[in-house]
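Listed below are the residues making up each chain.
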Amino acid sequence: MKYDLVVVGGGPAGLAAAIEARKNGVERIVLIERDRELGGILQQCIHNGFGLHVFGEQLTGPEYAERFINELNNLKIEYLTNTMVLEINDKKEVYILNQELGFRRIEAKAIILSMGCRERTRGAIGIPGFRPAGIFTAGTAQRFINIEGYMVGKKVVILGSGDIGLIMARRLTLEGAKVLAVVELMPYSTGLTRNIVQCLHDYNIPLFFEHTVIDIKGKNRVEGVTIAKVDNNRVPIRGTEVFYECDTLLLSVGLIPENELSRNAGIEIDARTSGPFVNESMETSIEGIFACGNVVHVHDLVDFVTQEAQRAGRGAARYIKGEAIDNGVVIRTVNGNGIRYIVPQKLRLENLNDEINLFMRVDNIYNNCRLDVKLDGKIIKSFKKRKVTPGEMETVKLKKSDLSTYNDCSLSIEVVKE
Ligand SMILES: Cc1cc2nc3c(=O)[nH]c(=O)nc-3n(C[C@H](O)[C@H](O)[C@H](O)COP(=O)(O)OP(=O)(O)OC[C@H]3O[C@@H](n4cnc5c(N)ncnc54)[C@H](O)[C@@H]3O)c2cc1C
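The residue count restarts for each chain, going from 1 along the sequence in the order it is written. Where local features are concerned, this predicted model is filtered to residues with pLDDT of at least 70; where side-chain atom pairs are given and counted, the filter is 80 or more; whole-chain, interface and lining totals use all residues. Water and hydrogen atoms were dropped before computing side-chain values, which therefore reflect all heavy atoms in the structure.

Cis geometry is adopted by the peptide bond preceding proline 344, which originates at valine 343 and carries an omega value of 0°. Secondary structure elements are taken from DSSP: a helix is a run of H or I of four residues or more, a strand is a run of E of two residues or more, and numbering for both begins at the N terminus. Here proline 344 lies in the loop between strand 23 (339-343) and strand 24 (346-348). The backbone of lysine 76 sits at a positive phi, close to 55°, despite the residue not being glycine.

Structure below.
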């Protein structure tokens, strides 16, 4: 099988990337999704809050996905569902498997990776105790309740205050369960402020910062969990233990970009994001292989996933048409004080359209601060912020003209307290 472009993963990133590539003149595109339907994680997110930036509307996850699936169909872009991508390589060969076609090799001119991310599990955080039924990741519980129609428990403790855990606290309450507590290791939430207010405060669900689960009771089914306060080194403090009788423990302890395919292909991975290093066009370290969405870094808003995927779609189209410029001015992005990561990590100036959005996360909560953007040590832009937190992705928009007087150099961003 031969295609100009293969898109791996049919979530919002893959959908937007395929659509944008077609709008930029790419003919033979195939999008491959392992699930039975397109839409990715959005299909199980039946709450609203999607699309405020892209459509200026409050949509549910399935509604947001539907708009892109309809456009994909209108543009007659081919796709395969129930199809697993097993391997890709640096020659841009894609190996797939499904029940109708069996095992197939596809030759592509370009590939866009949009496999999303997966949740950290109990094993990843090492909670001691037996392994009874009743311990779920928050996303798995969401899939059971919203798609499969099963209730996961009646009395629930949630570990981690990431967005999925917060949303599930509200969802379980609305379905009749009692959420006893949300327990967070850090002194701040890793979720959006709006989700803390709308999902916990509105339902009087207590949130304990600097606490963790230290034991799970029960052999066949969870019977309860013990939580304790932690010290500055995140070590549980003796004497602070509290036992909660419950039948369910939900884990919302972080997402990891799904990069097994990328790693096997030899794509360089940034240890800070756990996703590939990318340039302004979302191209990875292997020419002609692009990446976008949660496989690059974990996003909190789907709108930013869409914007990033459109950039990947345009980049892939430019590459396929032989219009990408690879030997011009290169600017590397550098994490200054207070910045945990910046995406993209490299900007090739000639390939920029008029402006570029840089996505980043800070390493702590800072009130009344500035984000200073420096080129060759000189401040070129400064953005005042009332509050920045690790749970909310920050964006900085720069114009090509802001950068164009510089030759190969580094661009740093740092948090400065006012
Ligand atoms: C519970 C939850 C609540 C959220 N709430 C909000 C919200 O209120 N507002 C908001 O704006 N955003 C929200 N988000 C964020 C947003 O939904 C995600 O950022 C977005 O879905 C990521 O898109 P993606 O395409 O990168 O990944 P995904 O949606 O995860 O899609 C990746 C797709 O790739 C497929 N795939 C992976 N590997 C392979 C393979 N080898 N072969 C074939 N297919 C493969 C997967 O099956 C999946 O369909 C939420 C996310 C979650 C998880």
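So that's the structure; there's more coming.
In this section: the sheet that holds strand 28 (residues 394-399). Sheet architecture is open: three strands sit in the order 23-25-28, paired in antiparallel fashion. Every interior strand has two partners, whereas the edge strands, strand 23 and strand 28, have only one. On average, each strand axis in the sheet is inclined to that of its neighbour by 25°, with strand direction left out of account. Pairing geometry for strand 23 and strand 25 (residues 355-362), over four bridges, is antiparallel. Note that in strand 25 the partner of tyrosine 341 across the bridge is arginine 361. In the packing of helix 8 (residues 302-320) onto the sheet, the strands contacted are strand 23, strand 25 and strand 28, and the crossing angle to strand 25 comes to about 135°. Two strands pair under a simple rule: DSSP has to find at least two bridges between them. Angles here are taken between N-to-C directions and fall from 0 to 180 degrees, while the axes themselves are lines fitted to C-alpha atoms, restricted in helices to the stretch in contact. Working rule for contacts: check all heavy atoms of both residues, and any pair within 4.5 Å makes them a contact.

Each assigned domain of the protein chain is listed here: domain 1 (1-119 + 254-324), domain 2 (121-253) and domain 3 (328-417). With 24 residues of domain 1 in contact, the opposing surface of domain 3 contributes 21 residues. Between domain 1 and domain 3, a total of about 1800 Å² is buried, with carbon and sulfur atoms accounting for 48% of that surface. The term salt bridge refers to a pairing of a side-chain nitrogen on Lys or Arg with a carboxyl oxygen on Asp or Glu at a separation within 4 Å. Counting across the domain 1 and domain 3 interface gives three salt bridges. For aspartate 300, the salt bridge goes to arginine 361, with nearest N and O atoms at 3.0 Å. Ranked by residue count, the leading element in the side of domain 1 that touches domain 3 is helix 8, at six residues. Domain boundaries shown here were taken from an automatic or database domain assignment. The term buried area refers to how much accessible surface (probe radius 1.4 Å) is lost by two components on association, counted for both of them together.

What follows is about helix 5 (residues 163-174). In this analysis, the expected span of each helix is defined as 1.5 Å times one less than the number of residues it contains. With 12 residues, helix 5 ought to run about 16 Å at 1.5 Å a step, and its terminal C-alpha atoms sit 17 Å apart, in line with that. For helix 5, the elements touching its buried residues are helix 4 (138-148), strand 11 (155-159), strand 12 (178-183), helix 6 (193-199) and strand 17 (248-251). Just downstream of helix 5, glycine 176 is the residue with a positive phi angle, here 105°.

What follows concerns helix 4. When accessible area is computed with a 1.4 Å probe and restricted to protein chains, residues below 20% of their type maximum are described as buried, those above 50% as exposed, and intermediate ones as partly exposed. Buried within helix 4 are the following residues: Ala138, Gly139, Ala141, Gln142, Ile145 and Asn146. Projected onto a plane normal to the axis of helix 4, the buried residues spread over an arc of 155° and lie on a single side. In this fold, the buried residues of helix 4 make contact with strand 9 (117-119), strand 10 (135-137), helix 5 and strand 17. Just downstream of helix 4 lies glycine 149, where phi reads positive at about 80°. As used here, the arc is the angular range of directions from the helix axis to the C-beta atoms.

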